[in-house]
Amino acid sequence: NAGVTQTPKFRILKIGQSMTLQCTQDMNHNYMYWYRQDPGMGLKLIYYSVGAGITDKGEVPNGYNVSRSTTEDFPLRLLSAAPSQTSVYFCASSPTPRGTQNTEAFFGQGTRLTVV
Amino acid sequence: KQEVTQIPAALSVPEGENLVLNCSFTDSAIYNLQWFRQDPGKGLTSLLLIQSSQREQTSGRLNASLDKSSGRSTLYIAASQPGDSATYLCAVRGLSRYQGAQKLVFGQGTRLTINP
């Protein structure tokens with residue numbers, strides 16, 4: 001069971017560089033999310049998607065961009081890396097709820113990004 | 001704006017003790033509350049999900065309660081074991097323009113150490 005897979009696991013970027021964090025899930029979930037976790041803090045939502053072609057901003061979207069062309073993939077792009085973007089990035093997915101039941105979110109292992 | 005707070009930030013107890021982790025949130029308009037476990041360098045594992053209409057959920061040695069009116073949740077761990085050592089995060093699901101989206105607001109976590 002692969003679940004939610006993130007690549008790379010670690011990355012060091014120089015200020016001003018751009019990169020894409022990859023996320024793929026094999027559970028056929030419509031909903032996908034990107035969170036960041038700063039040291040000693042909880043996770044904050046960056047962007048999320050409710051299906052192919054539909055995305056929306058979360059709490060901390062500045063400096064990032066997303067797209068969703070397939071159900072499986074939800075890449076996160078850093079446009080111009082800044083030291084404030086040093087963090088651990090988590091991708092998650094969740095299924096479409098059935099009736100009134102709430103559903104769980106499933107998380108990837110994270111990508112540890114350092115901007116120097 | 002929803003804010004989630006977890007107390008204490010860290011807790012160290014001897015093996016075998018029963019313990020309680022606390023979570024509070026400022027806006028009672030939530031769909032559900034989830035408790036997660038996070039191991040160092042790993043992703044998040046969902047432990048318990050309490051729907052807004054429920055008062056508690058149980059899984060093995062874990063019991064989570066929810067009091068929406070007071071904005072509080074507790075995670076009770078019975079007969080703690082060294083393998084329970086991890087960071088425990090609570091998260092509430094807030095409102096979204098897209099029904100079913102798991103837009104989670106996280107607390108900063110409680111780092112739990114169980115000493116043999």
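Please read these numbers as outputs of a predicted model, since none were measured by experiment.

Participant: Sorry if this is basic, but what is going on with the pairing of strand β7 (residues 62-67) of chain B here?
Facilitator: The two faces of the sheet receive side chains in turn, since in a regular strand these alternate between them. All names here are of chain B. When strand β6 (residues 56-59) meets β7, the two strands line up antiparallel, connected through four bridges. Paired with Thr58 across the two strands is Asn63, which belongs to β7. By the bridge criterion, six bridges tie β7 to strand β8 (residues 72-77) in an arrangement that is antiparallel. Paired with Leu62 across the strands is Ile77, a residue of β8. What sits between β7 and β8 in their antiparallel hairpin is a turn of four residues, with Gly71 showing a positive phi close to 70°.

Participant: Explanation requested: the interface of chain B and chain A in the structure shown.
Facilitator: Taken together, the contact between chain B and chain A spans 27 residues of the former and 28 residues of the latter. Taken over both partners, the interface formed by chain B and chain A buries close to 2,100 Å², and the fraction arising from carbon and sulfur atoms is 51%. At the surface where chain B touches chain A, the tally comes to one salt bridge. For the salt bridge of Lys1(B) with Glu59(A), the shortest nitrogen-to-oxygen distance reads 3.2 Å. For the interface between chain B and chain A, the tally reads six residue pairs in polar contact (both at pLDDT 80 or more).

Participant: Explanation requested: the nonpolar core in the structure shown.
Facilitator: When a protein is soluble and globular, its nonpolar side chains tend to lie buried together. With 22 residues, the main nonpolar core has Leu19(B), Phe25(B), Leu33(B), Trp35(B), Leu75(B), Ile77(B) and Tyr88(B) as its most contacted residues. Elements with a contribution of two residues or more to this core: β3 (19-25), β4 (32-38), β5 (44-51), β7, β8, β9 (86-93) and β11 (110-115) of chain B.

Participant: For this particular structure, what's the right way to read the sheet that holds strand β1 (residues 4-7) of chain B?
Facilitator: Strand pairing in a sheet relies on backbone hydrogen bonds, with the paired strands running either antiparallel or parallel. All names here are of chain B. Taken in spatial order, the five strands make up an open sheet running β1-β3-β8-β7-β6, and their pairing is antiparallel. The open sheet is flanked by β1 and β6, the only strands paired with a single partner. Ignoring strand direction, the axes of neighbouring strands in this sheet form an average angle of 15°.

Participant: In this structure, what is going on with the sheet that holds strand β8 (residues 76-78) of chain A? I would like to understand it.
Facilitator: Residue and element names in this part refer to chain A. Strands sit in the order β1-β3-β8-β7 across an open sheet of four strands; the sheet is antiparallel. Looking at the sheet topology across the chains shown, the edges are occupied by β1 (4-7) and β7 (64-66). For this sheet, the mean inter-axis angle between neighbouring strands, taken without regard to orientation, is 20°. Inspection of the sheet shows strand β3 (residues 19-25) paired to β8 by three bridges, in the antiparallel sense.

Participant: Which parts of the structure should I look at to understand the packing of aromatic side chains?
Facilitator: What describes a pair of aromatic rings is the distance from one ring centre to the other and the angle between the planes of the rings. In the structure shown here, the tally under the stated rule is eight aromatic pairs over all chains. With a centroid separation of 5.4 Å and 85° between ring planes, the pair formed by Phe107(A) and Phe36(B) is classed as edge-to-face. Of this pair, Phe107(A) sits in strand β10 (residues 106-107) while Phe36(B) sits in strand β4, placing the two residues on different chains. Overall, the relative accessible area of 0% leaves Phe36(B) in the buried class. Centre to centre, the rings of Phe107(A) and Phe106(B) are 6.2 Å apart; their planes meet at 80°, and the pair counts as edge-to-face. Of the two residues, Phe107(A) is situated in strand β10 and Phe106(B) in strand β10 (residues 104-106); the pairing between them involves two chains. On the accessibility criterion, Phe106(B) (6% relative accessible area) is buried. Aromatic ring contacts, followed pair by pair, group Tyr33(A), Tyr35(A), Tyr48(A), Phe107(A), Phe36(B) and Phe106(B) into a single cluster. For the cation-ring pair, Arg68(A) lies above Phe74(A), with the distance from its terminal atom to the ring centre recorded as 6.0 Å.

Participant: Which parts of the structure should I look at to understand the state of the cysteines?
Facilitator: Two cysteines whose sulfur atoms are joined by a covalent bond form what is called a disulfide. Residues and elements named next belong to chain A. Within the structure shown, the criterion is met by two disulfides over all chains. Sulfur-sulfur distance for the disulfide between Cys23 and Cys91 comes to 1.8 Å. Classification of the bridge connecting Cys23 and Cys91 rests on its S-S torsion, roughly -75°, and on that basis the disulfide is left-handed. Placement of the pair is Cys23 in strand β3 and Cys91 in strand β9 (residues 87-94), with a sequence separation of 68 residues. On the basis of relative accessibility, which here comes to 2%, the residue Cys23 falls in the buried class.

Participant: Mind showing me how you'd approach the pattern of salt bridges here?
Facilitator: Two side chains bearing opposite charge may form a pair once their charged atoms approach each other closely. Scanning the entire structure with this criterion turns up five salt bridges over all chains. Here Lys44(A) makes a salt bridge to Glu59(A), at a shortest N to O gap of 3.8 Å. Taken together, the residues span a long stretch of sequence, with Lys44(A) in strand β5 (residues 43-51) and Glu59(A) in the loop between β6 (54-57) and β7 at a distance of 15 residues. Take Lys44(A): its relative accessible area is 32%, and that puts it in the partly exposed class. For Asp84(B), the salt bridge identified is with Arg61(B), shortest N-O distance 2.9 Å. Here Asp84(B) is found in the loop between β8 and β9, whereas its partner Arg61(B) is found in the loop between β6 and β7, with 23 residues between them in sequence. You can call Asp84(B) buried: its relative accessible area is 8%. Taken together, the shared-partner salt bridges connect Lys44(A), Glu59(A) and Lys1(B) into one network.

The rules behind the values
Residues numbered from 1 in each chain as written. Chains lettered and ligands numbered in written order. Predicted model: local features only at pLDDT ≥ 70, side-chain atom pairs only at ≥ 80, totals over all residues. Heavy atoms only, no water. Pairing = 2+ DSSP bridges. Helix = DSSP H or I, 4+ residues; strand = E, 2+ residues; numbered from the N terminus. Contact = heavy atoms within 4.5 Å. Buried area = accessible area lost by both parts, 1.4 Å probe. Salt bridge = Lys/Arg side-chain N within 4 Å of Asp/Glu carboxyl O. Polar contact = N/O pair within 3.5 Å; in protein donor to acceptor, adjacent residues only side chain to side chain. Core = buried A, V, L, I, M, F, W, Y, C linked by side-chain atoms within 4.5 Å. Buried < 20%, exposed > 50% of the residue type's maximum accessible area, 1.4 Å probe, protein only. Axes fitted to C-alpha atoms, helices over the stretch in contact; angles between N-to-C directions. Phe/Tyr/Trp six-rings, centres within 6.5 Å; stacked < 30°, edge-to-face > 60°. Lys NZ or Arg CZ within 6 Å of the ring centre and 35° of its normal. Disulfide = S-S within 2.5 Å.

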